[in-house]
Amino acid sequence: MAAVELALLLKDVRACRLCEPHLPLGPHPVLSAGRSAKLLIIGQAPGTRVHATGIPWNDPSGDRLRAWLQLDREQFYDESLIAIMPMGFCYPGRGKGGDLPPRPECAPTWHQKLLDQLPDIQLTLLIGQYAQRYYLPQAHFPKRDSITENVRRYADALPHGFFPLPHPSPRNTLWLNRRPWFEEEVVPALRRQLKRIIS
């Protein structure tokens with residue numbers, strides 16, 4: 001029965017048209033979840049390639065994320081292990097510096113309903129500033145807009161069930177190159193957490 005409830009909820013999310021007037025390519029909610037998932041990935045919003053294919057993280061950003069996690073595509077898209085729920089489910093359009101922010105309606109409308117159907121989540125990856133601003137506890141992360149500080153303090157987020165990460169977009173290559181501690185310390189810690197959860 002619980003699996004049926006999740007399936008019906010996913011159907012409702014994928015049929016959502018709440019933001020339709022604001023979406024230049026039209027609504028196409030992209031997410032993935034199974035009732036037994038142990039890892040939740042909350043990113044930003046689909047890009048044009050993900051919008052076109054309907055497959056989350058099906059782009060160079062996803063390639064880098066899978067490299068960080070040391071997962072192949074089959075493992076990454078195993079809904080029984082990993083749920084994927086962006087802050088905005090549809091491609092929001094393009095602005096001057098890249099894609100626009102995720103539409104603000106998605107998370108308050110759908111996230112808690114989805115979380116209620118994912119009882120086995122042991123760790124949530126918060127990828128990028130929008131997910132971190134929404135989910136990191138204000139009392140412990142008063143500067144939630146600082147990606148660098150959030151990621152550097154990943155160990156402080158673990159007791160709350162979160163692991164903050166920078167966005168793996170190619171646009172962030174300079175950020176990564178200037179912070180070698182991310183690859184040296186944070187990525188190995190991330191892999192240890194993942195191995196603990198889904199090995």
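No experiment lies behind these values; they were computed from the predicted model shown. (Residues numbered from 1 in each chain as written. Predicted model: local features only at pLDDT ≥ 70, side-chain atom pairs only at ≥ 80, totals over all residues. Heavy atoms only, no water.)

Q: Looking at this structure, how should I read the pattern of salt bridges?
A: Opposite charge on two side chains permits pairing when their charged atoms draw close. Per the stated rule, a full pass over the model turns up 6 salt bridges. As a salt-bridge pair, glutamate 105 and arginine 103 come within 2.9 Å of each other at their nearest N and O atoms. Between glutamate 149 and arginine 153 there is a salt bridge, and its shortest N-O distance comes to 3.8 Å. On the basis of relative accessibility, which here comes to 22%, the residue arginine 153 falls in the partly exposed class. One network of salt bridges, in which partners are shared, links Glu149, Arg153 and Asp156. (Salt bridge = Lys/Arg side-chain N within 4 Å of Asp/Glu carboxyl O. Buried < 20%, exposed > 50% of the residue type's maximum accessible area, 1.4 Å probe, protein only.)

Q: Whenever I open this one, the nonpolar core confuses me. Can you help?
A: Counting 29 residues, the largest nonpolar core has Ile41, Leu65, Leu69, Leu125, Phe163, Leu165 and Phe182 as the members making the most contacts within it. Of all the secondary-structure elements, those providing two or more residues to this core are strand S1 (39–42), helix H3 (60–69), strand S2 (82–84), strand S5 (123–127), helix H7 (147–152), strand S6 (162–165), helix H9 (173–177) and helix H10 (180–198). The dominant element in this core, judged by the number of residues it contributes, is H10, at 9 residues. Residues within four places of phenylalanine 182 in sequence aside, it is in contact with Trp68, Val151, Leu165, Pro166, Trp175, Leu176, Val187 and Pro188. The next biggest cluster of nonpolar side chains, apart from the first, holds 26 residues, and it includes Leu9, Cys106, Ala157 and Phe162. (Core = buried A, V, L, I, M, F, W, Y, C linked by side-chain atoms within 4.5 Å. Helix = DSSP H or I, 4+ residues; strand = E, 2+ residues; numbered from the N terminus. Contact = heavy atoms within 4.5 Å.)

Q: Even after reading the chapter, I still don't get the side chain of serine 32, so can you show me in this structure?
A: Mapping serine 32 onto the fold places it in the loop between helix H1 (2–14) and S1. Taking relative accessible area as the criterion, serine 32 reaches 6% and is therefore assigned buried. At 3.2 Å, the side chain of serine 32 forms a polar contact with the side chain of glutamate 79. Ignoring sequence-local partners within four residues, the contact set of serine 32 consists of Arg14, Pro56, Glu79, Ile82, Ala83 and Ile84. (Polar contact = N/O pair within 3.5 Å; in protein donor to acceptor, adjacent residues only side chain to side chain.)

Q: Mind showing me how you'd approach the pairing of S1 here?
A: Within a regular strand, side chains alternate between the sheet's two faces. Side chains Leu39 and Ile41 project from S1 onto one buried face, and the interleaved Leu40 and Ile42 project onto a second face that is buried too. In the sheet, S1 pairs with S2 via 3 bridges, with the strands oriented parallel. Within the sheet, the bridge partner assigned to leucine 39 lies in S2 and is isoleucine 82. Pairing of S1 with S5, which is carried by 4 bridges, proceeds in the parallel orientation. The residue bridging isoleucine 41 from the neighbouring strand is leucine 125, located in S5. (Pairing = 2+ DSSP bridges.)

Q: So what exactly am I meant to see when it comes to the sheet that holds S5 here?
A: Strand pairs in the sheet, formed through backbone hydrogen bonds, run parallel or antiparallel to each other. Read from one edge of the open sheet, 4 strands run S2-S1-S5-S6, paired in parallel fashion. Both outer strands of the open sheet, S2 and S6, are each paired with one neighbouring strand and no more. Ignoring strand direction, the axes of neighbouring strands in this sheet form an average angle of 20°. (Axes fitted to C-alpha atoms, helices over the stretch in contact; angles between N-to-C directions.)

Q: What exactly am I supposed to notice about the environment of lysine 96 here?
A: Locating lysine 96 in the fold gives a position in the loop between strand S3 (94–95) and strand S4 (98–99). Look at lysine 96 and you get exposed, because its relative accessible area is 95%.

Q: Just to check I follow, could you spell out the side chain of aspartate 59 for this structure?
A: In this structure, aspartate 59 sits in the loop between helix H2 (48–53) and H3. Salt bridges are absent for the buried aspartate 59, whose nearest opposite-charge side chain, arginine 66, sits at 5.9 Å. At a separation of 2.9 Å, a polar atom in the side chain of aspartate 59 contacts the main-chain amide nitrogen of glycine 62. (Lys, Arg positive; Asp, Glu negative; His and termini not counted.)

Nothing here speaks to function; it is all geometry.
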